[in-house]
Amino acid sequence: PSSLILQHYLRSFFLKNLWRFPRRESNRLREKSWKNTPFCLRLDVKTLNLILNHSSLKSCTLILLLCAAIYFPTLRIDFLNDDIANIQISLNNTQQSILGAFSLEALRGWYYRPLVDLCFVFDHAFWGWNATGYRLTNLLLHLSNTILVFFLCQKLLFPSNLCFLASLFFGV
């Protein structure tokens, strides 16, 4: 119940106050069919068809190309400042097992970032000490998060041009 109240508040705040745009018939039908469904479970065939239409695929492709073109030159940069030290600390924390990233010994390091430690361990397993591999992994994660921002904006029923600009702003 509290999530439905929060969802209703957010939707009414964004749709009525900030973004005044004409609502299409498909949006009204979608809202009626989703009224009793939690927000995180609202992925059905109709939603996929609305999100993955031709203009959405064009927008996603353009966003991916622009962001990749901007960040592609960073793949040639070697490790900077404390990168090697952080990777070595992550490898030491997870020497016994992967769960070592979540242990109390990991708290004694410079930072307690267990997911970053796990990413460093997997990057080291795949790429060794090649900085390009680490940067490529980060670029792919950033591009996927940029596309997720685009789909989140569409899920919140924003106009497609606003979704494009928001995800491009996030990506760049």
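Residues numbered from 1 in each chain as written. Predicted model: local features only at pLDDT ≥ 70, side-chain atom pairs only at ≥ 80, totals over all residues. Heavy atoms only, no water.

Chemist: Help me understand the overall build of the protein in this model?
Modeler: Regarding its fold elements, the protein presents eight helices and zero strands. For the protein, the N- to C-terminal ordering of α and β elements is α-α-α-α-α-α-α-α. Burial status across the protein gives 29% buried among its 172 residues. Here the contacts in the protein between residues at least 6 apart in sequence split such that 66% fall between residues at least 24 apart. With an accessible surface of roughly 11800 Å², the protein has 67% of that area assigned to carbon and sulfur atoms. (Helix = DSSP H or I, 4+ residues; strand = E, 2+ residues; numbered from the N terminus. Buried < 20%, exposed > 50% of the residue type's maximum accessible area, 1.4 Å probe, protein only. Contact = heavy atoms within 4.5 Å. Areas by Shrake-Rupley, 256 points an atom, 1.4 Å probe, with all protein chains shown as cover.)

Chemist: In this structure, what is going on with a nonpolar patch on the surface? I would like to understand it.
Modeler: On the surface, Leu99, Phe102, Leu104, Leu107, Tyr112 and Leu115 cluster together to form a nonpolar patch covering roughly 670 Å² of accessible area. On the secondary structure map, tyrosine 112 appears in the loop between helix 5 (83–93) and helix 6 (114–127). Taking the relative accessible area as the measure of exposure, tyrosine 112 reaches 37% and is therefore partly exposed. (Patch = residues over 30% accessible without salt bridge, like charges linked within 9 Å, V, L, I, M, F, W, Y side chains within 5 Å. Salt bridge = Lys/Arg side-chain N within 4 Å of Asp/Glu carboxyl O.)

Chemist: Got a minute to help me understand the pattern of salt bridges in this structure?
Modeler: Pairs can form between side chains of opposite charge once their charged atoms are near each other. Under the definition given, this model contains one salt bridge. Two residues, arginine 135 and aspartate 83, come together in a salt bridge whose shortest N-O distance is 3.9 Å. One end of the pair, arginine 135, is in helix 7 (residues 131–155); the other, aspartate 83, is in helix 5, and 52 residues separate them in sequence.

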